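As a plain string of letters, each chain reads:
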Amino acid sequence: MALVTTKEMFKKAYEGGYAIGAFNINNMEILQGIVDAAEETGSNVIVQVSSSALKYARPTYLKKLVEAAVEDSTIDIALHLDHGADFEACKTAVDLGFTSVMIDGSHHDFEGNIAVTKEVVEYAHSKGVVVEAELGRLAGVEDEVNVSAEDSSYTDPQQAKEFVEKTGVDSLAIAIGTSHGANKFSGEPKLEFGILKEIMELLPNFPLVLHGASSVYPEAVQLCNDNGGELKGACGVPDEMLREANRLGVCKINVDTDLRIAFTGQVRKAFNDNPANFDPRKYLGPARDEIKRVVAHKMINVFGSNTK
Ligand code: G3H
Ligand code: 13P
Ligand code: ZN
């Protein structure tokens, strides 16, 4: 299959009432686990790459890996830049062949965010690439930027409408209480579904994106910790809340932390189970299998993007 933009994917997702999973990659095993799950469940998928992941894997390797995934599968794959910090980061991704970019101007004031988003939209659209922006601010760590809980803020629904109209952006990441990383809530998980409803009423069928949407499954955390890990106070967004977010209009759900925990747990276990092993395939193989299992679980039981 060819690499596609998210335009048609989102349209089908709204019509079918399901969400598209957007999964972060930084190496071959993670990409293969994701694409194998997508292929097996018959789900279209967004493969996303942060600027630091792009730097780690190196642009040419990354691009060729994704090209291989496209060639080797029958599903639709979109290649998306996650949290592009500025116009230059987005332009680099567009010029590399990404089909979708996110300009994260959420650290700017409202007018500044509009200005930089418009600039990216103009360039990306001229090359047939779609753009996601962010309004409101999530707490947590992303690409070496650490946003404290006090500096985070929910999306204002009226501003969301104005923002979309003024920028011409194709999708919008909203802040309703999720955050990046493994420690999302200090007490019970809680999302502001009222805000989501209001945004959806003002922007019917406009593609909304939920970042910081890992579930941080307790059994995955336990496996890490049972094998020498020290993940403390880990807590995520329960599957049921993600289903509700999708029901209320979210059509792209971002997951990175769950993949990191799944991968790390299996590597730790493999080392623990067999300290004499020094063959990377014997610890990266189980990690790849676990990525596939977690992604397939989400596609079938949470997002509903499966056609098989
Ligand atoms: O939203 C952030 C993603 O989890 C990517 O994180 O910048 O460490 O690759 P990263
Ligand atoms: P998590 O940290 O919850 O996996 O969120 C990932 C994300 O939003 C990537 O943009
Ligand atoms: Zn994010």
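Refer to the preceding data block for the structure.
Residues numbered from 1 in each chain as written. Chains lettered and ligands numbered in written order. Predicted model: local features only at pLDDT ≥ 70, side-chain atom pairs only at ≥ 80, totals over all residues. Heavy atoms only, no water.

Chemist: Looking at this structure, I do not really get the packing of helix 2 (residues 28-41) against helix 12 (residues 280-303). What am I missing?
Modeler: Helix-helix packing is described using two parameters, namely the angle between the two axes and the distance between the axes. Two numbers describe how helix 2 lies on helix 12: the axes approach to 8 Å, and their chain directions differ by 40°. Relative to helix 12, the element helix 2 lies oblique. Here the hand of the crossing between helix 2 and helix 12 comes out right-handed. Residues Glu-29, Ile-30, Gln-32, Gly-33, Ile-34, Asp-36, Ala-37, Ala-38, Glu-40 and Thr-41 of helix 2 form the contact with helix 12, whose own contacting residues are Leu-284, Arg-288, Ile-291, Lys-292, Val-295, Ala-296, Met-299 and Ile-300. Tallied by class, the residues present in the contact of helix 2 with helix 12 amount to ten nonpolar, three polar and five charged. (Axes fitted to C-alpha atoms, helices over the stretch in contact; angles between N-to-C directions. Helix = DSSP H or I, 4+ residues; strand = E, 2+ residues; numbered from the N terminus. Parallel < 35°, antiparallel > 145°, perpendicular 65-115°, else oblique. Left-handed = near helix turned anticlockwise from the far one by under 90°. Contact = heavy atoms within 4.5 Å. Nonpolar A, V, L, I, M, F, W, Y, C, P; charged D, E, K, R; others polar.)

Chemist: How should I be thinking about the site of ligand 2 in this particular structure?
Modeler: Surrounding ligand 2, one finds 15 residues, the nearest of these being Asp-82, Lys-184, Ser-214, Asp-256 and Thr-257. Between an oxygen atom of ligand 2 and a side-chain N or O atom of Asp-82, the distance comes to 2.7 Å. Expressed as a share of its isolated accessible area of 300 Å², the protein-covered part of ligand 2 is 97%. Put simply, the parts of the chain that give the shell around ligand 2 at least two residues each are strand 3 (77-84) and strand 10 (250-255). (Near = heavy atom within 4 Å. Polar contact = N/O pair within 3.5 Å; in protein donor to acceptor, adjacent residues only side chain to side chain. Areas by Shrake-Rupley, 256 points an atom, 1.4 Å probe, with all protein chains shown as cover.)

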